[in-house]
Amino acid sequence: MLVLALRSIRRRPGRFVATLLSAFLGAAIIMTFNSMHDTAGQAGVDSVSSQTLGTAAGVVGGYGTLLVFFAVASTLTVNVRQRTAELELLRCSGATPAQIKRMVVGEAVAVALVGAALAVGPAMLGGRALLDMFQDTGQVAESVEYSFGPIALLSGVDITLLASAGAAFLAVRRVTRRGRERAGAKRFLACAALVTGAAGACSTFLFSASDEALMAPPAYGAILLSVGFALLSPRLLKGVLNRLPLRGASGWLAVRNLRERADHLAGILVSLILFTAVSTATVTMQAVESDAVEASGLVKSVDAKNLETLNLTVVGIIAVFVCVMLVNSLYAATTYRSREFGQQRLAGATPGQVLGMVAVEGVIMTLTGVFFGTVAALAGVVPFTVVRTDAVLPDQFPGVWLAMVAVSAAVTLGTSLATARRVLRTPAVGAVALAA
């Protein structure tokens, strides 16, 4: 099966580009921040600098691990679903489900290993730049020298390979089980995340405005709520579609296609919900905290500076990953629909109507993801603002929210329409014949 996996990669390398890019970015981020552990472990590093570097590596390294899994999982899920016919042919040829799983997992591991190897150089440069930033802001002593050692290298390679193998296993499991799903377990995890997130957000009222840990409960509450919504994304999308009174050919086609492909579009909604919730909540709460400190006339402590740096860094990482996940998923999903677009045009739809359908689909997806992401963000922002400033909704929220919505809409609509326009360049008859 390993030989078959390598042959598959050599025969169709283009289908693995998205997975390679996700693994590369994930490994680079993990190595960059875990190199702070190597740097902090050197002899002669003072305790304050060591704590700053260790905190950065621990917090962002944890987020990085989750993001690597989600990014690789989203691209592999699209890849495996597009290969359903190929995998079914292997089953009919005598391959067992276990052999198919080993082949797909082998492909993912091989691609992830290449991505991790390519990420070493950029990670070293990124880690040095990160240390310089900490030193420029006075959070780390100037005497500390950068070190890229075994912790960074092993963690980057190991986490990337494990995340890729796990994501590939889960992606192919549904195909080999012939579509049988365990929806109950998924609903249980979603409900647990929603309940825990709501409890975490409400626990903010147990803190005082001067507590250093005030931002933690609402932040984690918003994250868990967004995870709960993300796990329920197919159901949420179907619920939204059932209430849409769209008219016209493009609108009717968009709603019909989204209903049929709701389960396949879960990865896109996961990206939109997580991005909107985490980025909006984190940036807004950090802005409220910074303005409150400035209004009090106090000077930010080293811990406060560390927290601000970590918050903004985490949002930056999430923004990069969500763009990669969305672009990869949308490009692959839209390209795969060439036969569908060709059939619609042969049935009488014009290229403009097809593009209009794709645009409506993108708008619905964006609005759905943004709505539930905003609900999760507000569940964290409002309690934090009430405790910290006695206000309910901070003045910073509208600007931050609009910026995050603009990024989500630009990536979703831009990728979908650009890819659909490219696909439509192929004549309808040719598109149907090639995809057959």
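In this text the structure is predicted, and so the values were computed from the model without any measurement.

A. Quick peek at the environment of Leu-236. Turning to its location among the elements, Leu-236 is positioned in helix H9 (residues 233–241). Sequence separation between Leu-236 and Ala-266 is 30 residues, and the spatial gap between their C-alpha atoms is 9.8 Å. When near neighbours in sequence (up to four residues on either side) are disregarded, Leu-236 contacts Phe-229 and Phe-372.

B. Expanded view of the packing of aromatic side chains. Throughout the structure, instances matching the rule amount to 2 aromatic pairs. Each ring, one from Phe-229 and one from Phe-372, has its centre 5.5 Å from the other, and the planes form 50°; the classification is tilted. Taken as a pair, Phe-229 in helix H8 (residues 216–231) and Phe-372 in helix H14 (residues 351–389) lie far apart in primary sequence, 143 residues in all. Summarising the aromatic geometry, the rings of Phe-371 and Phe-372 are spaced 5.0 Å apart at their centres and angled 85° between planes, so their arrangement reads as edge-to-face. Classification of Phe-371 as exposed rests on a relative accessible area of 51%.

C. Inspection of the pattern of salt bridges at higher detail. If you walk through the whole model with that rule in mind, you get 1 salt bridge. With a shortest N-O distance of 2.8 Å, Arg-388 and Glu-289 are connected by a salt bridge. With Arg-388 in helix H14 and Glu-289 in helix H11 (residues 266–296), the pair connects residues that are 99 residues apart, well separated along the chain.

Calculation rules
Residues numbered from 1 in each chain as written. Predicted model: local features only at pLDDT ≥ 70, side-chain atom pairs only at ≥ 80, totals over all residues. Heavy atoms only, no water. Helix = DSSP H or I, 4+ residues; strand = E, 2+ residues; numbered from the N terminus. Contact = heavy atoms within 4.5 Å. Phe/Tyr/Trp six-rings, centres within 6.5 Å; stacked < 30°, edge-to-face > 60°. Buried < 20%, exposed > 50% of the residue type's maximum accessible area, 1.4 Å probe, protein only. Salt bridge = Lys/Arg side-chain N within 4 Å of Asp/Glu carboxyl O.

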